[in-house]
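So you can see what is in the structure, the chains are spelled out below.
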Amino acid sequence: MNKLNILLILVLFVTTISVAQVGIGTTNPQETLHVSGVNSTVRVDGLNSSSHSRNLGGSTNYNLMVDSEGTMTLGKQSGELLSVSNLASPVVVQTLPDSGLNSEELYTRSFVLEERALVVITFYVTVDFKTYDGTNMIDDGRAKVAHNYFYLGDGTTADTTKSYGMTSVVYSNVNCDTATGYIYNSRSMTIALEAGTHSIHLQGAVYGGGLNSDAAFSASFGNGDRLDIQAIYL
């Protein structure tokens, strides 16, 4: 057999190996690598607790991620990104008759996602209704409406084209004995976000009375507030 024939045989042999399907526990593999058997597993030492910082050991299971190149690694562990109370000084929002919706930003907080995640955003904020100048309690018997909602942003600038987490409270009172204390607005939402820097821009808003000058009022947001952000990495 001459050298050319030997070379052709070697080329065909290598080509056959390069496209062959490999079976472990099976003689009839259906994929490039096919591991068969009840409760069969695949072990990669580079992903164990001794080799990978995201593998914290113990009895916990960790998410396996695959990037756009097909490279496997361990995902970021889900958990709390932010939990803070009394974020800012109270913000007073005033309204006048027929003025429509009046709003102000109460605070901004940013957070960073290392990977795509479901983000659970929960906020609580107090609302204290007073007369327009903020000096007296309301006793006109008219209904007052206050809203809270938030915009998402890039860490600095809010995208005001879409609001999230709208929640509202309606308040009315007359000159009589009544309970004291703050009214709370609260809401929890789950939003899918990509990796990167994001921000929450919480808004407080009141709606005008549309009756006469006596209908004007103010609402103080944030004498007690809280913001919790958790990430469930996908």
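What you see is a predicted model, and the numbers here were worked out from it, not measured in a lab. (Residues numbered from 1 in each chain as written. Predicted model: local features only at pLDDT ≥ 70, side-chain atom pairs only at ≥ 80, totals over all residues. Heavy atoms only, no water.)

Trainee: It is not clear to me how the pairing of strand β12 (residues 196-207) should be interpreted in this structure. Could you clarify?
Mentor: Counting buried positions over the twelve residues of β12 gives nine, a clear majority of the element. Pairing between strand β7 (residues 101-113) and β12: twelve bridges, direction antiparallel. Paired with Thr108 across the two strands is His201, which belongs to β12. Sheet topology note: the strand β9 (residues 144-153)/β12 ladder contains eight bridges and is antiparallel. Bridge assignment links His147 to a residue of β12, and that residue is Ala205. (Buried < 20%, exposed > 50% of the residue type's maximum accessible area, 1.4 Å probe, protein only. Helix = DSSP H or I, 4+ residues; strand = E, 2+ residues; numbered from the N terminus. Pairing = 2+ DSSP bridges.)

Trainee: Help me understand the pattern of salt bridges, please; the structure alone is not making it clear to me.
Mentor: Where charged atoms from two side chains of opposite charge approach closely, those side chains can pair. Tallying each qualifying case throughout the model produces eight salt bridges. The salt bridge involving Glu115 is made with Arg54; its shortest N-O contact spans 2.4 Å. Here Glu115 is found in the loop between β7 and β8 (117-131), whereas its partner Arg54 is found in the loop between β2 (33-35) and β3 (64-66), with 61 residues between them in sequence. For Glu115, a relative accessible area of 12% puts it in the buried group. One salt-bridge network, in which partners are shared between bridges, spans Arg54, Glu114 and Glu115. (Salt bridge = Lys/Arg side-chain N within 4 Å of Asp/Glu carboxyl O.)

Trainee: Hey, could you run me through the packing of aromatic side chains in this one?
Mentor: Evaluated as defined, the whole model comprises five aromatic pairs. For the ring pair Phe129 and Tyr171, a centre distance of 4.8 Å and an interplane angle of 5 degrees mean the geometry is stacked. Remark: Tyr171 occurs in strand β10 (residues 158-171) and Phe129 occurs in strand β8; sequence separation between them is 42 residues. Overall, the relative accessible area of 2% leaves Phe129 in the buried class. Here Phe150 and Tyr164 contribute two aromatic rings whose centre-to-centre distance is 5.7 Å and whose plane-to-plane angle is 20 degrees, an arrangement assigned as stacked. Separated by 14 residues along the polypeptide, Phe150 in strand β9 and Tyr164 in strand β10 bring together distant segments of the chain. (Phe/Tyr/Trp six-rings, centres within 6.5 Å; stacked < 30°, edge-to-face > 60°.)

Trainee: Any chance you could explain the nonpolar core here in plain terms?
Mentor: Formed by 34 residues in total, the largest nonpolar core has its most connected members in Leu113, Ile121, Phe129, Phe150, Leu152, Ile191 and Phe221. Elements supplying a minimum of two residues to this core: β6 (91-95), β7, β8, β9, β10, β11 (183-193), β12 and β13 (217-233). With residues up to four places along the chain from it excluded, the contact list for Ile121 reads Phe150, Leu152, Arg187, Ser188, Met189, Ile191, Ile200, Leu227 and Asp228. (Core = buried A, V, L, I, M, F, W, Y, C linked by side-chain atoms within 4.5 Å. Contact = heavy atoms within 4.5 Å.)

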